[in-house]
Amino acid sequence: MARYLAITGGVGGAKLALGLAHVLTPDEVLFVVNTGDDFEHLGLAISPDLDTLTYTLADLNNTELGWGRRDETWQCLDTLAELGGESWFRLGDRDLALHFHRTQLLRAGASLSQVTAEIARRLGIRHGLAPMSDQPIRTIVHTAKGALNFQHYFVRDRCAPAVTGFHFDGIPSARLSPVVADWLTDCQGVIICPSNPFVSVDPVLAVPGMREALARLPVVAVSPIVDGMAIKGPTAKMMAELKVPATAAQVASHYGELLTGFVLDEADAAVHDTLPVRTVVTRTVMLTLQDRIDLARVTVEFLQSLAH
Ligand code: FO1
């Protein structure tokens, strides 16, 4: 039985990950999640992309916001604001419980991988999900106004500052998380979900050993850019600021020789035979659960066709 690794971060990635969880069994896919968005806030260890995927796979995610839990209340944060505390990063009352719990478990000496697995188990998730590394890695966003912590850029400053580049603090002393390293010893292919290439996928690829592992495997990415636009988030804006075309073709060239195959939306069918990689053209905009499942199935079948 084949085993695949799916690389995801943020909201777009979690949508395809849900589809993959319907198409592949827990023995067939492991989700490796970006931790570059993580930060310490209000004394809590916050891992947004791990939480987005956890809530999504547990069917608890807030579909309006894209992050956090649904059926949420905001009593704690609203009271904190009244007291003059920091309320710019919206932590709902139920969501806070997860952050308290994770912070306690980490303080008691558990690794981020162990905490992630424990929370997933408690929420009834059968698929494996793991951080890219158990060592801290932090995405720093370089802007015309200086270097910003990721959440300051993304949430506090609403992605407004023009980006000039990124770097990932902590990479030299980081290692692949044990679950991911073990999965890669017997893995037949990799799916890069339609996440932001710069701040959700590149941090995962930067973990020492990841690129070397992927170089030996067929790798398929699903374009996060459709007809020159990102479905959600600042990908297209970042590309314009980095002075590269905000196109699906540019995303393929960003991943470079790592890529074996690329899944394009129908809106970008025209470029399908101009790329240096094999392509498949399909509907990549995921509005319904069935869309997620259909895209996952097309992507897995494409990967399987490349694996032979
Ligand atoms: N994203 C926002 O745009 N605004 C928020 O207030 C916000 C709060 C938040 C709380 C918990 C959590 O797990 C994620 C949260 N996010 C919020 C998303 C977070 O900024 C992620 O890093 C982005 O989704 C990018 O992946």
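Our subject is the structure listed above.
If you're wondering where the values come from, they're calculated on a predicted model, not measured in any experiment.

Participant: So what about the site of the ligand? Which residues, and what values?
Facilitator: Taken together, 15 residues lie around the ligand, and Asp37, Asp49, Trp67, Arg90 and Gln151 are the ones closest in. Interatomic distance of 2.7 Å between a side-chain N/O atom of Asp37 and an oxygen atom of the ligand. Summarising the interface, the protein chains cover 91% of the accessible area of the ligand, which totals 530 Å² for the free molecule. The element best represented in the shell around the ligand is helix α6 (residues 150-156), accounting for four residues.

Participant: Residues and numbers for the sheet that holds strand β1 (residues 4-8), please.
Facilitator: Taken in spatial order, the seven strands of this open sheet run β5-β2-β1-β9-β10-β13-β14, and their pairing is parallel. Pairing within the sheet leaves two strands with one partner each, and these edge strands are β5 (128-131) and β14 (278-282). Direction aside, the axes of adjacent strands within the sheet are offset by 20° on average. Across three bridges, strand β9 (residues 189-192) lies against strand β10 (residues 219-222) in parallel orientation. Following the sheet pairing, Ile192 is matched in β10 by Ala221. Its contacts with the sheet put helix α11 (residues 248-255) on β9, β10 and β13 (261-265), and the angle it makes with β13 is roughly 165°.

Participant: Could you give an account of the nonpolar core, with specific residues and numbers?
Facilitator: Considering soluble globular proteins, one finds that nonpolar side chains tend to be buried as a cluster. In terms of nonpolar packing, the biggest core is built from 51 residues, with Leu5, Ile7, Leu184, Met210 and Phe262 touching the most fellow members. Sequence-distant contacts of Ile7, defined by excluding residues within four places in its chain, comprise Val32, Val190, Ile191, Ile192, Cys193, Val201, Val204, Leu205 and Leu214. Listed in part, the 32 residues of the second largest apolar core include Leu18, Leu53, Leu295 and Val300.

Participant: Break down the environment of Thr73 for me, citing the residues and quoting the values.
Facilitator: Mapped onto the fold, Thr73 is located in the loop between α2 (48-57) and α3 (75-82). For Thr73, a relative accessible area of 35% corresponds to the partly exposed category. In sequence terms Thr73 and Ala110 are 37 residues apart; their C-alpha atoms lie 29 Å from each other. Setting aside its immediate chain neighbours within four residues, Thr73 contacts Gly92 and Asp93.

Rules used throughout
- Residues numbered from 1 in each chain as written.
- Predicted model: local features only at pLDDT ≥ 70, side-chain atom pairs only at ≥ 80, totals over all residues.
- Heavy atoms only, no water.
- Near = heavy atom within 4 Å.
- Polar contact = N/O pair within 3.5 Å; in protein donor to acceptor, adjacent residues only side chain to side chain.
- Areas by Shrake-Rupley, 256 points an atom, 1.4 Å probe, with all protein chains shown as cover.
- Helix = DSSP H or I, 4+ residues; strand = E, 2+ residues; numbered from the N terminus.
- Pairing = 2+ DSSP bridges.
- Axes fitted to C-alpha atoms, helices over the stretch in contact; angles between N-to-C directions.
- Contact = heavy atoms within 4.5 Å.
- Core = buried A, V, L, I, M, F, W, Y, C linked by side-chain atoms within 4.5 Å.
- Buried < 20%, exposed > 50% of the residue type's maximum accessible area, 1.4 Å probe, protein only.

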